[in-house]
Amino acid sequence: QVQLVESGGGLVEAGGSLRLSCTASGRAFSSYGMGWFRQAPGKEREFIAGISSWNGSSTFHADSVKGRFTISRDNAKNTVYLQMNSLKPEDTAVYYCAADRVVTTTDFTYRYWGQGTQVTVSS
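Would you mind showing me how to read the sheet that holds strand E1 (residues 3-7) here?
In sheet architecture, strand pairing relies on hydrogen bonds along the backbone and comes in two forms, parallel and antiparallel. Here four strands make up an open sheet; going across it, the order is E1-E3-E8-E7 and the pairing antiparallel. Lying at the two open borders of the sheet, with one neighbouring strand each, are E1 and strand E7 (69-74). Going from strand to strand, the sheet's axes swing by 15° on average, the running direction of each strand aside. Of the pairings in the sheet, the one linking E1 to strand E3 (residues 18-25) comprises five bridges and is antiparallel in character. Paired with Leu4 across the strands is Ala24, a residue of E3.

What follows is the structure, encoded as structure tokens:
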């Protein structure tokens, strides 16, 4: 069992930066692949970024955020991060982290989810 808690969301102007954190409780955090998803009002939840288990040697970023967002993990802190730069109003959404044994881009493959954190980007 893994419990996930996101933090770091907030209101930022376009062009600004935020860093989201997702801290896990429970054992064996390093053995889980981690993903970040987001859901804007009236839209489906979409994959943003993923990182493989253990040393996080493999990362994946959606085309919409590639070059602006970066996922990373610190197993010593049981935490995965999403560094978000050059934010745009269309990045406004609730951001969720998710965990499972294998990292994928599909939300229904993840068993464990955080409660979400709101990111609002003003123009």
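Having seen the structure, we can now continue with the description.
How should I be thinking about the side chain of Asp91 in this particular structure?
Mapped onto the elements of the fold, Asp91 is located in the loop between strand E8 (79-84) and strand E9 (93-100). Discounting chain neighbours no more than four positions away, the residues touching Asp91 are Arg38, Arg68, Phe69, Ser86, Val119 and Val121.

How do you make sense of the nonpolar core when you look at a structure like this?
Across soluble globular proteins, nonpolar side chains have a tendency to be buried as a group. Formed by 35 residues in total, the largest nonpolar core has its most connected members in Leu4, Met34, Trp36, Phe69, Leu82, Met84 and Tyr95. Within the residue set of this core, elements represented by two or more residues are E3, strand E4 (33-39), strand E5 (46-51), E7, E8, E9 and strand E11 (117-122). Ranked by residues supplied to this core, first place goes to E9 with five residues.

Hey, could you run me through the packing of aromatic side chains in this one?
The relative placement of two aromatic rings is captured by the distance of their centres and the angle of their planes. Inspection of every chain in the model, using the stated rule, returns six aromatic pairs. With a centroid separation of 5.4 Å and an interplanar angle of 80°, the aromatic rings of Phe37 and Tyr110 are classed as edge-to-face. A residue pair is termed long-range when its members are at least 10 positions apart, and Phe37 in strand E4 and Tyr110 in the loop between E9 and strand E10 (112-113) qualify at 73 residues. Tyr110 matches Phe37 in its accessibility class, with the two residues each being buried. For Tyr110, a relative accessible area of 5% gives the class buried. Of the aromatic side chains, those joined through ring pairs into one cluster are Phe37, Phe47, Tyr96, Tyr110 and Trp113. The ring of Tyr96 is capped by Arg45, whose NZ or CZ atom sits 5.8 Å from the centre of that ring. Here the guanidinium or amino end of Arg101 rests over the ring plane of Tyr32, the centre of that ring lying 4.2 Å away.

Conventions and cut-offs
- Residues numbered from 1 in each chain as written.
- Predicted model: local features only at pLDDT ≥ 70, side-chain atom pairs only at ≥ 80, totals over all residues.
- Heavy atoms only, no water.
- Pairing = 2+ DSSP bridges.
- Helix = DSSP H or I, 4+ residues; strand = E, 2+ residues; numbered from the N terminus.
- Axes fitted to C-alpha atoms, helices over the stretch in contact; angles between N-to-C directions.
- Contact = heavy atoms within 4.5 Å.
- Core = buried A, V, L, I, M, F, W, Y, C linked by side-chain atoms within 4.5 Å.
- Buried < 20%, exposed > 50% of the residue type's maximum accessible area, 1.4 Å probe, protein only.
- Phe/Tyr/Trp six-rings, centres within 6.5 Å; stacked < 30°, edge-to-face > 60°.
- Lys NZ or Arg CZ within 6 Å of the ring centre and 35° of its normal.

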